[in-house]
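# Observations on chain architecture
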Amino acid sequence: MATLPLPVVMIRSHFVNCGGTESSKLIAPAHCVCGKRVTHIEKMDKGRSIVCGEVRAYGTKASLRCRNFRVFATSHISVVQNEERPAAYLFRTEVGGHVKVLVRKNNVKYNVHVEVSSLQLHSSEDKLVMSWGIFRSDSSQFMPLDFQSSTPDAKSTTVEIPFVQNSLGTVAVELDFEGSLTPFYLSFLLKCPMNGDSKSSVLRSHRKSNFCVPVGLGSGYPAPLGLTFAADGSVNFSLFSRSAEGVVLCLYDDTKAEQPALEIDLDPYVNRSGDIWHVSMDNALPFVSYGYRCKGGITEKGDKLLKKHVLLDPYARIIENAHLGLNSKSLGKIDKEPPFNWSGDVRPCIPMEELVVYWVNVGHFTKHKSSGLPDDVAGTFSGITEKVNHFKNLGVNAILLEPIFPFDGKKGPYFPFHFFSPINLFGRSGDPVATSSSMKEMVKKLHANGIEVLVEVVFTHTADDCALREIDNSSYYHSTGDEDLGTKNALNCNYPIVQQMILDSLRYWVVEFHVDGFCFINASSLLKGFHGELLSRPPLVEAIAFDPILSKTKVIADSWDPHDIISKEIVFPHWKRWAEINTYFSDDVRNFLRGEGLLSNLATRLCGSGDVFLNGRGTAFSFNFITRNFSLPLVDLVSFSSGELASSQLSWNCGEEGPTNNTAVLRRRLRQIRNFLFILFVSLGVPVLNMGDECGQSSGGSPSYLDRNPFDWNALRTGFALQTTQFISFLSSLRNRRRDLLQKRSFLKEENIDWHGSDLSPPKWEDPSSRFLAMTLKVDREGNDLISDVSIVSGDLFVAFNGGNQSESIVLPPPPPEEMEWLRLVDTALPFPGFFSEDGEPVPEQMAGLVTYEMKSHSCVLFEACPFDKTEKKTNNCSRSDSLHNNLLVENQRYRK
């Protein structure tokens, strides 16, 4: 017989556990046909029973029906049309000789060819016999070959058939099985009569174990990790675990079942390549979900793991029960991800310097009944899709989603237990496939409206019950070095297998969900080495910077730590790719407006934070914010400052703590809110708005994430929200219109900016009591000189900030060229709607050719140099009565409660 050119492997016994009853023993027919021979069945002695592992019986639906099978001895291999390439296995016997097994799939049947060669028998008349049985669990759980005739039997039975010699000098036997019988294992021994004696010698493998081959199961492939489907319908399972001594694939035929219907104990000699365990199945039906048991791993306390937990595949793309927020209840779904129609989707690819970002929590954004959305849409990805106009009204062109990975239900989204699927909680029906589709619909809709989707990701730590802990604690987690890391479930991010998992996850979100960028929470931990030491060139950070699939995405480092609720000061390696959430901006702006800090700190933030981003990057890499989801909301930032809040939040209550009816305090708070927003938008860098600040959302003075309330859509109709949203929209439009000065990717040249005191004298940089700073942003004269029509020439901008308790009489510099004069665009001290203007208001005060302006305490102003013809016929709306202003303050008592 010709030998097929196939790779061969050594194999040992496998153990498979299925939901069969204990009565499901191997009951063979009284005889079977072997060519023209009739072979009688012999009971196998219990001492010679097939090697088995633990006996597990969970109950079954008695799904085994009467199945026919055919056994025959042959001197040749028949040529069968359309058969697939066979799986080949080669064994050595304990006395020499080789046993070769070929398993072929032909349509819906399986053919097993067993061939023995080079085996020295006692005499030429000795007849070699194969004693065999099949099982899907261990050897005490044999499958009946004739279910109708099966009866409980405490003893196992086998079928014995003789080998037939062929022309090549070898002996062979073939067996055919119906495909519906799979998956199962064929286990057999060789028997040789001893000189006509009734006794027979038994031959096993060189490891003193039974010969065992899988049917309907393959050794599988180590890559890619996770669950994959082949074109022929086969399914491959692959899992990394270096520390596990054994891995069991658990298959479920019912999503509500407590115990698996089938368990496949992977053979380390066949189903392991390096540190990756793998197995394939020709057909996954009728199984719907899967998980793993890992045996012999090490727990966090150094104890060996028990194998009772069924663990979620870290690479599972579709997860059942993830909405429960419990990793221990989550399983991977055996199903292909349905194709999504991305036709017509075009990534906005907005340059970073042009971004206006909005921080949003998917659940809280539309969960409140005031959203007016159906219950199955509120608090989901579909809910965001329905509210796209809110982002457009604010002038936002990118949203930054809080983490959407499956997370610990008690600790919140910043403690994930999986990285390859959105949590089902944000889907309309809780169905994992529908959840993924709804997120893709959201991304496509936002892209169609020119809005990018950025996602916060947490790869530095996990939830307490994350499956990675039991799969391979020593590889995935920090176990030595920094003790603080060990208590925080800190992932060993720069360990090769963890780095690979993170990169695979990021690529998956970009390719499958068209995500435009990522914000990495607790980014300082991305710099830690195997033992907790800081790395100057962390492999993961560098790999992300140069990864070809991630090359067009935005990558942002956020050093805020969800454990300590603080942002850590680090020098982040960037390779001119990484942007950063700029905590320094928030701190210095808060300090200035509450009357503390140096003017130089504010100036540094206004100019793009050169102390952080000057070395190889630019202002566009600074993501500036005032408030975030783990701090006081904007309205509370100006209303609460008692106790530790003043030091931890750098807040100021403007004169009274909490809710008040004091009109002077309310007016001051409203100015401060405007001041914060104004400074955020006129500073170089990317402005990041916090969800709810536009409508006065309050947490009652608590910075805790757990105290954040769902977005109240009714609040958008209040006077406070109307003027604040209009002001934000105006500032967004202003940044876009004056992109030459406010949306620069690089830093301003020294000749393009002048700093002033109130009378155009130099600022008092080193005076900690000085609360006034002004700057003139100058346009590039070379570009303007090429334009002959002065009416379309962009003019300089004059910006002043008064953080003191006293008014300041300021002098504006002469606007070049001479055909221009100053128009006031913003004065945060004026009542609504006059405190900002799209067209600008002329400044009436003139003194000896100089423009002067009275600037109120705790206010900011903005002037733009414009041609004379644009200033004609302008009226000054500043004289409007303060009654409207006071009415708006009274109307918004709601937010102070």
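An unreviewed UniProt entry lists the chain under the name Glycosyl hydrolase family 13 catalytic domain-containing protein, with Rhododendron griersonianum as the source organism. In UniProt, the chain has this text filed under Sequence similarities (unreviewed entry): "Belongs to the glycosyl hydrolase 13 family." Database annotation for the chain, UniProt heading Subcellular location (unreviewed entry): "Plastid, Chloroplast".

### Section: the environment of Pro 403
Residue placement: Pro 403 occurs in the loop between β26 (398-401) and β27 (407-408). Since its relative accessible area comes to 3%, Pro 403 is described here as buried. With residues up to four places along the chain from it excluded, the contact list for Pro 403 reads Pro 413, Tyr 414, Phe 426, Glu 456 and Val 458.

### A few points about the sheet that holds strand β38 (residues 772-777)
Pairing is antiparallel across the open sheet formed by 6 strands, whose spatial order is β37-β38-β39-β45-β41-β42. In this open sheet, the two edge strands, each paired with only one partner strand, are β37 (753-756) and β42 (836-842). Along the sheet, successive strands turn relative to each other by an average axial angle of 25 degrees, direction set aside. Both strand β39 (residues 797-802) and strand β45 (residues 859-867) contribute to a ladder of 6 bridges, which runs antiparallel. By the bridge assignment for β45, Phe 798 is matched with Phe 863. Set on the sheet, helix α14 (residues 663-682) makes contact with β39, β41 (820-827) and β45; between it and β45 the angle comes to about 45 degrees.

### Some thoughts on unusual backbone geometry
Omega for the bond connecting Leu 285 with Pro 286 falls within 30 degrees of zero, at 5 degrees, which places this linkage in the cis form. Locating Pro 286 in the fold gives a position in the loop between β21 (276-281) and β22 (289-295). For the bond from Phe 832 to Pro 833, the omega torsion is 10 degrees, close enough to zero to count as cis. The residue Pro 833 is located in the loop between β41 and β42 in this model. One non-glycine residue, His 858, adopts positive backbone phi at about 50 degrees.

### Side note on the sheet that holds strand β36 (residues 686-690)
Within a sheet, adjacent strands bond to each other through the backbone by hydrogen bonds, running parallel or antiparallel. Taken in spatial order, the 8 strands of this closed barrel run β25-β26-β29-β30-β31-β34-β35-β36, and their pairing is parallel. The sheet shows a mean angle of 25 degrees between the axes of neighbouring strands, direction not considered. Of the strand pairs in this sheet, β26 and strand β29 (residues 452-457) are connected by 4 bridges, and their pairing is parallel. Bridging across to β29, Leu 401 finds its partner in Val 455.

### Overview of the nonpolar core
With 174 residues, the main nonpolar core has Phe 237, Tyr 358, Phe 678 and Phe 801 as its most contacted residues. In this structure, Tyr 110, Val 173, Phe 188 and Phe 211 belong to the second largest nonpolar core, which totals 31 residues.

### Points about the pattern of salt bridges
If you walk through the whole model with that rule in mind, you get 25 salt bridges. Note that Lys 109 and Glu 178 form a salt bridge whose closest N and O atoms lie 3.8 Å from each other. Placement of Lys 109 in strand β7 (residues 109-117) and of Glu 178 in strand β11 (residues 171-178) is noted, with a sequence separation of 69 residues between them. Accessibility expressed as a relative area gives 38% for Lys 109, which makes it partly exposed. In this structure, Glu 864 and Arg 737 form a salt bridge, with 3.0 Å as the shortest nitrogen-oxygen distance. With Glu 864 in strand β45 and Arg 737 in helix α15 (residues 719-737), this pair connects stretches of sequence that are 127 residues apart. Taking the relative accessible area as the measure of exposure, Glu 864 reaches 5% and is therefore buried.

### Observations concerning the side chain of Glu 174
With respect to the secondary-structure elements, Glu 174 resides in strand β11. Among buried Asp, Glu, Lys and Arg side chains, Glu 174 stands out as unpaired, with Arg 104 the closest opposite charge at 5.2 Å. At a separation of 3.2 Å, a polar atom in the side chain of Glu 174 contacts the side chain of Asn 111. Separated by 3.1 Å, the side chains of Glu 174 and His 113 make a polar contact.

### Here we look at the packing of aromatic side chains
Applying the stated rule across the entire model yields 47 aromatic pairs. Ring geometry for Tyr 414 versus Trp 560: centroids 5.2 Å apart, planes at 75 degrees, classification edge-to-face. One end of the pair, Tyr 414, is in strand β28 (residues 412-416); the other, Trp 560, is in strand β32 (residues 560-561), with 146 residues separating them in the sequence. For Tyr 414, a relative accessible area of 1% puts it in the buried group. What makes Trp 560 buried here is its relative accessible area of 3%. Ring geometry for Phe 678 versus Phe 801: centroids 6.2 Å apart, planes at 50 degrees, classification tilted.

Definitions and limits used
In this convention, every chain numbers its residues from 1, walking through the sequence in written order. In keeping with the model being predicted, local features are shown solely for residues with a pLDDT of at least 70 and side-chain atom pairs are shown and tallied solely at 80 or more, while totals for entire chains, interfaces and linings include all residues. Hydrogens and water molecules were not included; the side-chain quantities draw on all heavy atoms of the structure. UniProt positions are given in the numbering used here, feature names are shortened, and annotations may be inferred rather than shown by experiment. Helical segments are the DSSP runs of H or I of at least four residues, strand segments are the runs of E of at least two, and each set is numbered from the N terminus. For each residue, the accessible area found with a 1.4 Å probe, counting protein chains only, is set against the maximum for its type, and the residue is called buried under 20%, exposed over 50%, and partly exposed in between. Residue contacts follow a heavy-atom distance rule, with two residues in contact if any of their heavy atoms lie within 4.5 Å. Whether two strands pair depends on DSSP finding at least two bridges between them. The angle between two axes is taken between their N-to-C directions and runs from 0 to 180 degrees, where each axis is a line fitted to C-alpha atoms and a helix contributes only its stretch in contact. In this description, a nonpolar core means a group of buried Ala, Val, Leu, Ile, Met, Phe, Trp, Tyr and Cys residues linked to one another through side-chain atoms lying within 4.5 Å. Any carboxyl oxygen of Asp or Glu within 4 Å of a side-chain nitrogen of Lys or Arg constitutes a salt bridge here. Only four residue types enter the charge count: Lys and Arg as positive, Asp and Glu as negative, with His and the chain ends excluded. Contacts described as polar in this section are N or O atom pairs within 3.5 Å, which, within protein, must combine one atom able to donate a hydrogen with one able to accept it, while residues neighboring in sequence count only if both atoms come from side chains. Only Phe, Tyr and Trp rings take part, Trp by its six-membered ring, and two of them pair if their centres are within 6.5 Å. Stacked means planes under 30 degrees apart, edge-to-face means over 60, and tilted covers everything else.

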